[in-house]
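Residues per chain, in single letters:
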Amino acid sequence: MRSSPEEAVRSIVRILGIIGEPVSISDITNALPRPEAVEALAKVGDDRALEAVIGRMPEWYRKAGGLDHLDVDDFVRKVFGYFGEKGKTKLHTTLRKGNKETKIAVVKILAALGDPDSIPVLLETLESKDSSTNAEVARALHRLKAREAVPKMVTELLRTQDHEERTTLAKAVLELGSLNDWIQIYFHRPKVELHRGPLFDAAIINCGEEAIPHLTKLLQDSDPNAQRIAAEMIAKIKRGEKADTDPFI
């Protein structure tokens, strides 16, 4: 039985990857963003191959969702495992200098790799003027459990007006942050509007007695509304009430 042209291309790409000769890079690049071509270039492993892979990762991510047989994160870890330390260095450089689409793809890669060494460059990128990039960075930092990122995430959360970015940052701060962070966000004026977002008021109440000294200070706040809310929270805590912090209520 004769193979289809597409299967023939896949077979050639697999073979080229196993041979691992740099002279085949141009041929393999023409088959990107097929997973077989990405892996073949990773097996070649030189600088040209790395440049080609990173340059086409935005397109690869767009198409990866339709590949039911592929575990995206496992595949990314496998591919960049071939490139080693130089791959990570190149990703960091690209994150600082790439365009929006490439930056978002690189952030997804760094999140999949799960390397804490990437946290500083992700924090730098959180200062981006693009909300979509910032939202992806927030997801990555959340996934990396980067508690050191919380102060900057809180600052960005209070600044941004973008719904996706605000909600993504809020979810991260709710898990990684502390009582002080939650009070700062919940009592911030103007109020941080979160539609179906994390419930910071519930998180504060669930801190129990620990929250009372912080809330007591707010009874002297210049904003009567803040005074009222703080008093209501204190009353709930003293009654032993607990609140649901499900972020999708």
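Visitor: Hey, could you go over the overall build of the chain for me, with residue numbers and the actual values?
Guide: When you go through the chain residue by residue, the secondary structure sums to 14 helices and 0 strands. Going from the N terminus to the C terminus, the chain shows its helices and strands as α-α-α-α-α-α-α-α-α-α-α-α-α-α. When the accessible surface of the chain is totalled, it reaches about 13000 Å², and 51% of it is carbon and sulfur.

Visitor: Summarise the environment of Ile229; cite the residues concerned and give the values.
Guide: Topologically, Ile229 is positioned in helix H14 (residues 224-238). Residues within four places of Ile229 in sequence aside, it is in contact with Tyr186, Phe187 and Arg189.

Visitor: Help me get a handle on unusual backbone geometry, residues and values and all.
Guide: In this model, Arg189 is joined to Pro190 through a cis peptide bond whose omega is 5°. Of note, Pro190 is situated in the loop between helix H11 (179-186) and helix H12 (200-205). Residues other than glycine seldom take positive phi values, yet Lys145 does so here, at roughly 55°. Within the fold, Lys145 resides in the loop between helix H8 (131-143) and helix H9 (150-159). The class of Lys145 is partly exposed, set by a relative accessible area of 47%.

Visitor: Quick rundown of H14? Include the residues and the values.
Guide: Between its first and last C-alpha atoms H14 spans 21 Å; for 15 residues at 1.5 Å apiece the expected length is 21 Å, and the two agree. Listed as buried for H14 are Ala226, Ile229, Ala230, Met233, Ile234 and Ile237. One side of H14 holds all its buried residues, which, seen down the axis, span an arc of 140°. Those residues of H14 that are exposed and aimed more than 90 degrees away from the buried face are Pro224 and Lys238. At its buried positions, H14 is contacted by H11, H12 and helix H13 (212-218).

Visitor: Can you lay out helix H6 (residues 100-113) for me, pointing to particular residues and giving the numbers?
Guide: Taking 1.5 Å of rise per residue, the 14 residues of H6 would be expected to cover 20 Å, and the 20 Å separating its terminal C-alpha atoms lies within 8% of that figure. Most of H6 sits out of view: 10 of its 14 residues are buried. Against helix H4 (47-64), helix H5 (72-97), helix H7 (119-125) and H8 lie the buried residues of H6. A positive phi of about 65° marks Gly114, the residue just after H6.

Visitor: Explain the nonpolar core to me, and be specific about the residues and the numbers.
Guide: Residues Phe80, Leu141, Met153, Phe187, Ile204 and Leu215 are the most contacted members of the largest nonpolar core, which totals 78 residues. In terms of residue count, H4 provides more of this core than any other element does, 9 residues in total.

Visitor: Outline the environment of Met57, supporting the account with residue identities and numerical values.
Guide: In this fold, Met57 is placed in helix H4. Take Met57: its relative accessible area is 2%, and that puts it in the buried class. Residue contacts for Met57: discarding those within four places in its chain leaves Val76, Phe80, Ala105 and Ile109.

Visitor: How would you explain the packing of helix H3 (residues 35-44) against H5 if you had to name every residue and give the values?
Guide: As a packed pair, H3 and H5 sit with axes 8 Å apart at the nearest point and diverge in direction by 25°. Considered as vectors, H3 and H5 are oriented roughly parallel to each other. Contacts between H3 and H5 pair Pro35, Val38, Glu39, Leu41, Ala42 and Lys43 from the former with Phe75, Lys78, Val79, Tyr82 and Phe83 from the latter. For the contact of H3 with H5, the per-class residue count stands at 8 nonpolar, no polar and 3 charged.

Visitor: Describe the packing of aromatic side chains, listing the residues and the values that go with them.
Guide: What describes a pair of aromatic rings is the distance from one ring centre to the other and the angle between the planes of the rings. For the structure on display, the rule yields 4 aromatic pairs. With a centroid separation of 5.1 Å and an interplanar angle of 75°, the aromatic rings of Trp60 and Tyr61 are classed as edge-to-face. You'll find Trp60 and Tyr61 in the same group, each marked buried. Seen in terms of ring centroids, Tyr186 and Phe187 are 5.4 Å apart; in terms of plane orientation they differ by 85°. Their pairing is edge-to-face. Since its relative accessible area comes to 17%, Tyr186 is described here as buried. A relative accessible area of 12% means that Phe187 is categorised as buried. Aromatic rings pair up to connect Trp60, Tyr61 and Phe75 into one cluster. Taking NZ or CZ as reference, Lys108 lies 5.2 Å from the ring centre of Tyr61, over its face.

The rules behind these values
- Residues numbered from 1 in each chain as written.
- Predicted model: local features only at pLDDT ≥ 70, side-chain atom pairs only at ≥ 80, totals over all residues.
- Heavy atoms only, no water.
- Helix = DSSP H or I, 4+ residues; strand = E, 2+ residues; numbered from the N terminus.
- Areas by Shrake-Rupley, 256 points an atom, 1.4 Å probe, with all protein chains shown as cover.
- Contact = heavy atoms within 4.5 Å.
- Buried < 20%, exposed > 50% of the residue type's maximum accessible area, 1.4 Å probe, protein only.
- Expected span 1.5 Å × (residues − 1).
- Arc of directions from axis to C-beta.
- Core = buried A, V, L, I, M, F, W, Y, C linked by side-chain atoms within 4.5 Å.
- Axes fitted to C-alpha atoms, helices over the stretch in contact; angles between N-to-C directions.
- Parallel < 35°, antiparallel > 145°, perpendicular 65-115°, else oblique.
- Nonpolar A, V, L, I, M, F, W, Y, C, P; charged D, E, K, R; others polar.
- Phe/Tyr/Trp six-rings, centres within 6.5 Å; stacked < 30°, edge-to-face > 60°.
- Lys NZ or Arg CZ within 6 Å of the ring centre and 35° of its normal.

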